[in-house]
Amino acid sequence: MSDDLAGRFEEVPMWPEGRFQGREAFAGLVRQAAVLLAREKCSPVVFSDADFSDWPLGERAVVEALHAWAGQGRAMRWLARDFRAVRQAHPRLVQWRGIWSHIVEARACPVPPSAIWTPAWAMERIDPERCVVVATADIGRCQALRERIDACWERGMPSFPASVLGL
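Basis of the calculations
- Residues numbered from 1 in each chain as written.
- Predicted model: local features only at pLDDT ≥ 70, side-chain atom pairs only at ≥ 80, totals over all residues.
- Heavy atoms only, no water.
- Helix = DSSP H or I, 4+ residues; strand = E, 2+ residues; numbered from the N terminus.
- Expected span 1.5 Å × (residues − 1).
- Buried < 20%, exposed > 50% of the residue type's maximum accessible area, 1.4 Å probe, protein only.
- Arc of directions from axis to C-beta.
- Contact = heavy atoms within 4.5 Å.
- Axes fitted to C-alpha atoms, helices over the stretch in contact; angles between N-to-C directions.
- Parallel < 35°, antiparallel > 145°, perpendicular 65-115°, else oblique.
- Left-handed = near helix turned anticlockwise from the far one by under 90°.
- Nonpolar A, V, L, I, M, F, W, Y, C, P; charged D, E, K, R; others polar.
- Disulfide = S-S within 2.5 Å.

Trainee: In this structure, what is going on with helix 2 (residues 23–40)? I would like to understand it.
Mentor: Because an α-helix packs 3.6 residues into every turn, residues spaced three or four apart end up facing the same way. For helix 2, spanning 18 residues, the distance from its first C-alpha to its last is 25 Å, which sits close to the expected 26 Å at 1.5 Å a residue. Residues of helix 2 that are buried: Phe26, Ala27, Leu29, Val30, Ala33, Ala34, Val35, Leu36, Leu37 and Ala38. At the C-terminal side of helix 2, Lys41 shows a positive phi close to 55°.

The following block contains the structure:
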């Protein structure tokens, strides 16, 4: 783990809660969530979005945080309508996904929510166009989001393989 990431563990005191708006606020929440996932070792975790095109998932610090999070007993699910943007825009994340393929499952579904879900906290972009996000530790809201994610997961098809084999 880099010194920069270790410092981030100390800088992020707790899970953010409330209503946030704007692309920078959203990106900041994703970055903060990645660091907190690593610190708290949350599992399972769900990342869900139409295509993740405006998530900062390819940034070195985010991938380092996900690497620090990953390990025995962890599980992550990704939902997307389409993973092409991930492959094109986030090569570091694609490489990380290959390394940790045994703990990461991915499915494509028609209309996934734009969200991060953990057992104790969730954030959902309730208006992706205006980038309005609600972050909460409220058990009822987290459970309702998980039920929508699970329904999408059940309708989804396996997607975004860890490696692409060819002849």
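Trainee: Could you clarify how one ought to interpret helix 5 (residues 91–99) in this entry?
Mentor: Every buried residue belonging to helix 5 is among Leu93, Val94, Trp96 and Arg97, and all of these are buried. Looking down the long axis of helix 5, one finds its buried residues gathered within 160° of arc, a one-sided arrangement. Residues of helix 5 that are exposed and angled more than 90 degrees away from the buried face: Pro91 and Gln95. At its buried positions, helix 5 is contacted by helix 3 (60–69), strand 3 (76–80), helix 4 (84–89) and strand 4 (104–108).

Trainee: How should the packing of helix 2 against helix 3 be read in this particular structure?
Mentor: At a minimum axis separation of 7 Å, helix 2 and helix 3 run at an interaxial angle of 25°. Relative to helix 3, the element helix 2 lies roughly parallel. Once helix 2 is placed against helix 3, the crossing between them reads as left-handed. Every residue of helix 3 that contacts helix 2 at Arg31, Ala34, Val35, Leu37 and Ala38 is listed here: Val62, Ala65, Ala68 and Trp69. Looking at the contact of helix 2 with helix 3, its residues break down into 8 nonpolar, no polar and 1 charged.

Trainee: Explain the state of the cysteines to me, please; I cannot follow it from the model alone.
Mentor: Think of a disulfide as a covalent bridge from one cysteine sulfur atom to another cysteine sulfur atom. One pass over the full model with this rule turns up 1 disulfide. There is a disulfide in this structure between Cys109 and Cys152, and the S-S distance comes to 2.0 Å. Classification of the bridge connecting Cys109 and Cys152 rests on its S-S torsion, roughly 65°, and on that basis the disulfide is right-handed. Highlighted residues: Cys109 in the loop between strand 4 and strand 5 (115–117) and Cys152 in helix 6 (residues 139–155), separated in sequence by 43 residues. Accessibility assignment for this pair places Cys109 and Cys152 in one class, buried.

Read these as geometric descriptors, not functional statements.
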